[in-house]
Amino acid sequence: KPSTEYVSDETPMVSYSNLHVVFEQMRIRAKNHTGHPSTAPEPPRVLIIGPEDSGKTTAAKILTNYSVRVPRVCTPVLVNVDPSEGGWTMPGTVSACVVSSPIPTQTPANPFGVTSTTAPTALSSAALLPIVYWYGHSDVKRNQPVMEKSIQNLAKAVKERMSLDAITYNSGLFVDTPATFSTAVRIGTDMRYPFIEKCVEEFDVNTIVVIGHEKLNVDIQRFFGSPASGRRISVIKVTKSGGAVDLDYTYRARVLSRQMRNYFYGPDFKIPTWVDVGKLGGEAQTELTLSPYSAPVKFNDMKIWRIGAETMAPSSALPIGGNRVITELEPIPVDPASGGLLNTVLALLPLPPSQHGAVKAEEDFSDDDLLTTDVVGFLLVAAVDTAKSRMTILSPNPGSLSGRTALIGSYEWQDQ
């Protein structure tokens, strides 16, 4: 519950409404174009940036909900490249989803709603099917090459999806970013924004919305909005909402833990006290919680990989002329017998089909496959028995994990 309830006299909602009108005009021009494709107007492809706790996720969700409420079919793509937030699934991921109805939010643990689930629910957001890529850490600077590769993979998948549906293409996309993207990095003698440049390049961004940061707005105008930059990108500054407050570490850790729990057990749904449960019919309240599947798995039944070393010094700390023994993009096999797997989150990869339609052997899972394959689900190592060379895996669905491949990062969660 909020500490204080009040009605504010200063609100950015007017700016969001004006932005929606502009974006809707761009969609209509793109939809009604009948000339040569090279001269077609572009639909809105919006990158939302700003400092920490400035309301970027809220702005992305508001603009998306405005889009799907127009009196015609509009299905924009909502993209989340903030691995510390998790979007629709687990923290440590980047994801995107086609949105066709307003996104409800009952808890900060599910900022973009919930995905398809077997739990009883009447929410339209249960139809959401995001595409997810694993990064594995909360800090995007911990392994910058892997983060940039994840953005590249996600953008490629989004473009392929939009190319298959004219309505989705003309509806555009909104990209929600972490605060770290808005931190300048010295490259040579210049201060640059490498993650913003990567998103602009990969998602073909034509509009950048800067929330509540004057210096950032000036820099982005110079790098992307000025004629000297050689880019046709509109840069728009929006004031920070007074309702966007600073969040402490304890609150973030609590939301993170709740987000992981919701993936395995489903979001909490409490029937209001004023509702007569006996007159509802259907499932009882106790049946609204999911029941994950727990099963023992031998060490040699699964292959677990880590992208890059567990701890890597920055390139600036290397000796002059020295090279890394292990690169940031190099997959490293993880031996469960060596320890350190208890309570860790695993990202499960699909079985890769071969060119002939059969299932490839796991030995054929190349390093590039590990970097470019999307995630089909997540597992939790609930227990490790080194003496018997097996571990207990918590999974949302039953099924054999023999011969499967998973990726590991730095996220841990204890099932209580």
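Up top you'll find the structure we're talking about.
First, a word on what this report is: a plain description of the structure on this page.

Thresholds, definitions, all that
- Residues numbered from 1 in each chain as written.
- Predicted model: local features only at pLDDT ≥ 70, side-chain atom pairs only at ≥ 80, totals over all residues.
- Heavy atoms only, no water.
- Helix = DSSP H or I, 4+ residues; strand = E, 2+ residues; numbered from the N terminus.
- Contact = heavy atoms within 4.5 Å.
- Areas by Shrake-Rupley, 256 points an atom, 1.4 Å probe, with all protein chains shown as cover.
- Salt bridge = Lys/Arg side-chain N within 4 Å of Asp/Glu carboxyl O.
- Buried < 20%, exposed > 50% of the residue type's maximum accessible area, 1.4 Å probe, protein only.
- Axes fitted to C-alpha atoms, helices over the stretch in contact; angles between N-to-C directions.
- Parallel < 35°, antiparallel > 145°, perpendicular 65-115°, else oblique.
- Left-handed = near helix turned anticlockwise from the far one by under 90°.
- Expected span 1.5 Å × (residues − 1).
- Arc of directions from axis to C-beta.
- Phe/Tyr/Trp six-rings, centres within 6.5 Å; stacked < 30°, edge-to-face > 60°.
- Lys NZ or Arg CZ within 6 Å of the ring centre and 35° of its normal.
- Pairing = 2+ DSSP bridges.

## Digging into the overall build of the chain
Within the chain one finds eight helices and 16 strands. Considering only contacts in the chain between residues 6 or more positions apart, those separated by 24 or more positions represent 74%. Counting only carbon and sulfur atoms, one obtains 52% of the accessible surface of the chain, whose full area is about 21,700 Å².

## Describing the pattern of salt bridges
Enumeration over the complete set of coordinates arrives at twelve salt bridges. The closest approach of N and O atoms between E24 and R27, which form a salt bridge, is 3.0 Å. Of the two residues, E24 and R27 are both situated in helix α1 (residues 13-32); the distance of three residues between them amounts to about one turn of the helix. Considered together, E24 and R27 belong to a single accessibility category, that of buried residues. Residue D204 is joined to K159 by a salt bridge in which the shortest nitrogen-to-oxygen separation is 3.5 Å. With D204 in the loop between α5 (194-203) and β8 (207-211) and K159 in helix α3 (residues 144-163), this residue pair connects regions lying 45 residues apart in the sequence. With relative accessibility at 38%, the residue D204 sits in the partly exposed group. Residue K159 is classed as partly exposed on the basis of its relative accessible area, which comes to 36%. Within this structure, E24, R27 and R72 form a network of salt bridges that share partners.

## A word on the packing of α3 against α5
Between α3 and α5, the shortest axis-to-axis distance is 9 Å and the interhelical angle comes to 20°. Comparing their axes, α5 and α3 come out roughly parallel. The chirality of how α3 crosses α5 is right-handed. For the pair α3 and α5, contact is made by Q144, M147, E148, I151, Q152, L154, A155, V158 and K159 and by P194, F195, K198, C199, E201, E202 and F203, respectively.

## Thoughts on α1
Taking 1.5 Å per residue as the helical rise, α1 with its 20 residues ought to reach 28 Å, and the 28 Å between its terminal C-alpha atoms agrees with that figure. Residues Y16, L19, H20, F23, E24, M26, R27 and A30 constitute the buried set of α1. Within α1, the buried residues cover an arc of 160° as seen down the axis, which keeps them to one side. The elements touched by buried residues of α1 are β1 (45-49), α2 (56-68), α4 (166-171), β5 (173-176), β8 and β9 (234-238).

## Digging into the packing of aromatic side chains
One pass over the structure, following the stated rule, counts eight aromatic pairs. The interplanar angle of 35° and the centroid separation of 5.1 Å between the aromatic rings of W88 and F112 together place this pair among those described as tilted. Of this pair, W88 sits in the loop between β2 (77-80) and β3 (93-98) while F112 sits in the loop between β3 and β4 (131-134), and the two are 24 residues apart along the sequence. For the pair W88 and F112, a shared accessibility class is recorded, and that class is buried. Ring geometry for F181 and F195: centres 4.8 Å apart, planes at 5°, overall stacked. Linking F181 in the loop between β5 and β6 (185-187) with F195 in helix α5, this pair joins segments that are 14 residues apart in sequence. This pair shows no difference in class: F181 is buried, exactly as F195 is. Among the aromatic residues, those joined into a cluster by ring pairs are W134, Y263, F264, F378 and W413. Looking at R192, its charged tip hangs above the ring of F223, at a distance of 5.7 Å from the centre.

## Here we look at the sheet that holds β9
Spatial ordering of the open sheet is given by β4-β3-β2-β5-β1-β8-β9, a layout of seven strands whose pairing is mixed. The open sheet has two edge strands, β4 and β9, and neither has a second partner. Each strand axis lies, on average, 15° off the axis of its neighbour in the sheet, ignoring direction. Pairing between β8 and β9: five bridges, direction parallel.

## What about α5?
Here α5 lies mainly inside the structure; nine of its ten residues are buried. Three or more residues of α5 are buried, namely P194, F195, I196, E197, K198, C199, V200, E202 and F203.

Honestly, it's all geometry; don't read function into it.
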